[in-house]
Amino acid sequence: MGPTYRPKKPISDLMAKDVSFEIKDKDIAGRICRLRIGSRELETPALMPVYSPIKPVISPQELWSVFGCRALMTNSYIILKNPKLKEDILKRGIHDFLGFQGIVATDSGSYQLMEYGNVTATNKEIIDFQGDIGSDIGSFLDIPSLPDAYKMRAEEQLEITLERAKEATDARFLVNAGIQGSTHLDLRKKAATELGRDYKLCAVGGIVKLMEAYRFSDLVDIISTVKQNIPANRIVHAFGLGHPMVFSLAVAMGCDLFDSAAYALYAEGMRYLTPTGTMRLEELTYLPCSCPVCSKHGTGLKELPHEEKVRELARHNLYASMQEINTIKEAIKENTLWELVNMRCRAHPQLYKALKTLLEQEYLAEYDPITKKSAFYYQGAESEKRTEVVNVKKRLANVESNNKADIPPYGPVPWELSDIYPFNSLKDEIEYAGCKISDLCKVRAIMDYQFGIGAGELIPDKALIKKSKATRRIRGIYEGKELIAAVRASDHFIIPHEKLADRLHAKFPYPKLRIKIDDEAVEYVKDGKSVFAKFVTDIDPDLRAGDEALVVDKDDKLLRTATLVMSPKEALDFDRGMAATVR
Ligand code: GUN
Ligand code: ZN
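First things first, this report covers the structure right here in the doc.

What counts and how
- Residues numbered from 1 in each chain as written.
- Chains lettered and ligands numbered in written order.
- Predicted model: local features only at pLDDT ≥ 70, side-chain atom pairs only at ≥ 80, totals over all residues.
- Heavy atoms only, no water.
- 1 Å grid on protein atoms, 1.4 Å probe; cavity = no way out; pocket = protein on both sides within 12 Å on 5 of 7 lines; lining within 4 Å.
- Points joined across faces, edges and corners; volume = space filled by probe spheres on them.
- Helix = DSSP H or I, 4+ residues; strand = E, 2+ residues; numbered from the N terminus.
- Salt bridge = Lys/Arg side-chain N within 4 Å of Asp/Glu carboxyl O.
- Buried < 20%, exposed > 50% of the residue type's maximum accessible area, 1.4 Å probe, protein only.
- Pairing = 2+ DSSP bridges.
- Axes fitted to C-alpha atoms, helices over the stretch in contact; angles between N-to-C directions.
- Contact = heavy atoms within 4.5 Å.
- Polar contact = N/O pair within 3.5 Å; in protein donor to acceptor, adjacent residues only side chain to side chain.
- Core = buried A, V, L, I, M, F, W, Y, C linked by side-chain atoms within 4.5 Å.

Quick look at the layout of surface pockets
In this structure, the second largest pocket occupies an estimated 1100 Å³ of space. Around the second largest pocket sit 46 residues that line it, and Val50, Tyr111, Ser260, Ala261 and Leu265 are the ones nearest its centre. Put simply, the parts of the chain that give the lining of the second largest pocket at least two residues each are β5 (71–75), α6 (110–116), α10 (208–212), β11 (257–260) and α13 (262–268).

A look at the pattern of salt bridges
Applying the stated criterion across every chain yields a total of 50 salt bridges. Notably, a salt bridge pairs Lys462 with Glu479, separated by 3.8 Å at the nearest N-O pair. Of the two residues, Lys462 is situated in the loop between α21 (439–451) and β16 (464–467) and Glu479 in strand β17 (residues 474–479); the sequence distance between them amounts to 17 residues. Using a relative accessible area of 64% as the deciding quantity, one classes Lys462 as exposed. With a closest N to O distance of 2.8 Å, Arg488 and Asp491 form a salt bridge. A network of salt bridges, in which partner residues are shared, links Asp27, Glu339, Asp368, Lys372, Arg386 and Glu388.

A short note on the sheet that holds β17
Strand order in this open sheet of 4 strands is β16-β17-β18-β19, and the pairing throughout is antiparallel. Looking at strand neighbours, the two that pair on one side only are β16 and β19 (494–496), the edges of this open sheet. Each neighbouring strand pair of the sheet contributes to a mean axis angle of 30°, computed without reference to strand direction. With 3 bridges joining them, strand β18 (residues 482–487) and β19 adopt antiparallel strand pairing. Paired with Ala485 across the strands is Pro496, a residue of β19. Docked against the sheet, helix α22 (residues 498–507) engages β17, β18 and β19, running at close to 80° with respect to β18.

So, the side chain of Ser374
Looking at the element boundaries, Ser374 is found in the loop between α18 (363–367) and α19 (387–396). Under the relative-accessibility criterion, Ser374 is labelled buried at 18%. Polar contacts involving the side chain of Ser374 include one to the main-chain carbonyl oxygen of Glu334, which spans 2.6 Å. Not counting residues within four places of it along the chain, the set of residues in contact with Ser374 comprises Glu334, Asn335, Thr336 and Tyr421.

Some remarks on the nonpolar core
Grouped together as the largest cluster of nonpolar side chains are 197 residues, with contacts concentrated most on Leu241, Phe258, Leu337, Tyr410 and Phe423. Looking at this core, the element that brings in the most residues is helix α15 (residues 306–334), giving 10 residues. Leu241 has contacts with Ile207, Met211, Leu219, Val246, Phe247, Ala250, Phe258, Asp259 and Ser260, leaving out every residue within four places of it along the chain.

Right, here's the structure in full:
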C-alpha cells in the first residue's frame with residue numbers, strides 16, 4: 001500500500017464540542033491517552049462504572065474519591081421514564097444531581113431495547129434529553145442486534161441505527177456512536193466506516209451477549225474490524241464490556257473505554273470477579289485478593305447480611321476491575337502488554353482461542369513500536385506470531401550476513417545485530433565464544449535493518465567508530481572530526497546526523513523513510529521543535545513508532561531527522577499530540 005495524501009479536515013461537530021484526545025504512551029494497538037471534554041479530563045484506558053439512580057450500589061462520591069473513577073455511566077432513558085427523577089435532574093443538571101465532578105456518560109435505552117424488546121421514547125426525545133441534563137457523553141438509540149442474527153434483520157436494524165445517528169449530529173454532547181452489525185463483519189465494516197467518518201467516539205455495540213457466551217474470538221473479529229475501518233484518532237468504547245479478564249485483550253486491539261454494571265450485577269449473583277475469571281463466593285475458602293474489602297472481611301465476607309454482602313462484593317469487584325486497568329496501563333508504559341495478554345488469555349480455553357484470533361490480525365503490527373523498553377519474553381509458541389516478531393522479521397530481510405545464528409522465534413539473525421532490540425537480550429545465544437565482528441560491519445548491518453537494503457553502504461570504510469570506555473558499546477560514528485551518527489543508548493539504534501541523513505535522503509526515493517509536513521510547520525521543525533501530528537501530510541507506511549525518520553517539506557526537501565513516536569496511521573489521523581521528536 002502506498003502512502004496517500006490525506007488533507008486533514010477538522011470535524012466541525014467535534015471542534016464545537018471542545019474535545020481533545022491525545023496519545024501519551026503506546027504498545028501493540030493499545031494506548032494511554034488523555035481525553036478532555038470541556039474542563040473535564042480522563043486518562044484512558046478507563047472503566048466507566050454504571051451507576052443506576054433507581055438501584056444505587058456504590059455512590060458517585062465513593063466512585064470518585066475511593067475508587068478514583070473520573071467517569072461514570074448512567075442511563076438517561078431510566079431517568080426520562082421516571083417523572084420525579086426527570087424533573088429533579090432537568091432542574092439541577094446531571095452532575096449536580098449525582099454529586100459527581102467527573103465525566104458523566106449517559107446511555108440511551110438501547111440496553112433496555114436489547115433486554116426487553118422495546119422502549120417508549122423516540123430517538124430524538126432521548127438525544128434532546130441528554131443534552132438538557134448536561135451529559136458529557138451521550139448516545140443515540142442504536143439497535144443492538146443479537147449475535148448470529150439473520151443477516152437481513154441485522155442489516156435492517158443497522159439501517160435504522162445509521163438513520164438515528166444522523167439525528168445526533170448536532171447533539172450538545174460527545175456522541176457515543178454505537179456501531180452495530182451483529183457478527184456480520186461486512187456490516188460492522190459498513191457501520192464503522194460511516195460512523196467513524198462523522199463521530200469522534202466510536203462504540204462497539206451489541207457485544208454483551210457474546211461476552212456472556214464467552215465468545216471472545218468473535219469479539220476479537222468484531223473489534224478488529226471496527227478498529228481497522230475508523231481513523232486512528234477515534235476514541236474506541238466497548239459497550240457493556242465489564243469483565244476484567246478481557247480488558248487487556250480489548251486494550252491491545254485499541255479499545256479506550258469500557259462501561260459496565262458487571263461489578264454490581266455479578267455481586268448480586270454472589271460472584272467474585274478476578275482478572276482471570278469469575279468465582280462463586282460461597283465456594284471460596286481463601287480470598288485471592290487483598291483489596292480493602294477482602295483484607296477487612298477475609299472469608300467473613302460470606303457471613304455478612306445479604307445487603308451488606310452485595311455491596312461489599314460489588315466493591316471488591318470494582319477494586320479488581322480498576323486494578324486490572326492500572327495493570328494494563330503499567331504494561332503499556334513498560335511495553336509488556338503482550339506478556340500480560342498472553343497470561344490473561346491462558347485463563348480460559350475461549351480466551352486462548354481469542355488470543356490465536358488476535359495474533360492473526362495484521363493491523364496490529366503497524367501500530368506496534370519497532371523498539372521497546374522491556375525485553376521480549378518468549379512465553380510459548382504463540383509468542384512466535386507476536387507483532388514484534390512480524391516487524392522484526394520484515395526488517396531482517398534487509399540485512400545480508402554470512403554470520404547468522406538461528407534464534408527462535410526470529411529465524412536466522414545476523415551476529416552483527418546482537419546489540420540492538422530485541423536481540424540484545426539474546427546476545428549470549430547469538431554470539432558464541434570467539435566470534436568477532438568488526439564495529440564497521442555491525443554499524444552497516446544496523447543501518448540496513450533500520451533504513452533498508454543498501455543503507456549500510458552509506459557508512460564509508462574510513463569511518464571512525466568510537467566506543468564508550470566503560471561499557472565498550474558503540475557511541476558515535478565519525479568521518480574525520482564530524483559526527484555523522486550517534487547510537488541510542490537504550491536500544492543501540494543509529495541516529496543519523498546531517499551528513500548521513502542527506503545520504504539516506506539521496507539514496508532512498510520518496511516516500512521511503514519520509515514524514516512529510518505542511519508548510520505551516522516547516523520553520524518550527526527547522527528550529528528543532530517537534531513534529532505535531534496535525535502537520536503530518538504523508539508518511540512512509542513502513543515506518544514504525546521508535547524509528548528514525550526524515551522530515552521533509554512538500555517538495556521532499558530534507559528539513560531534519562526525527563524519532564517517530566506514533567505509528568504512521570496515527571501520525572496521519574491524529575490532529576493533536578506529538579508525532580515525532582526532532583533532534
Ligand atoms: N449497552 C450494552 N450494549 C449496548 C449497545 O450496543 N448500545 C448501547 N447504546 N448501549 C449498550
Ligand atoms: Zn478484593
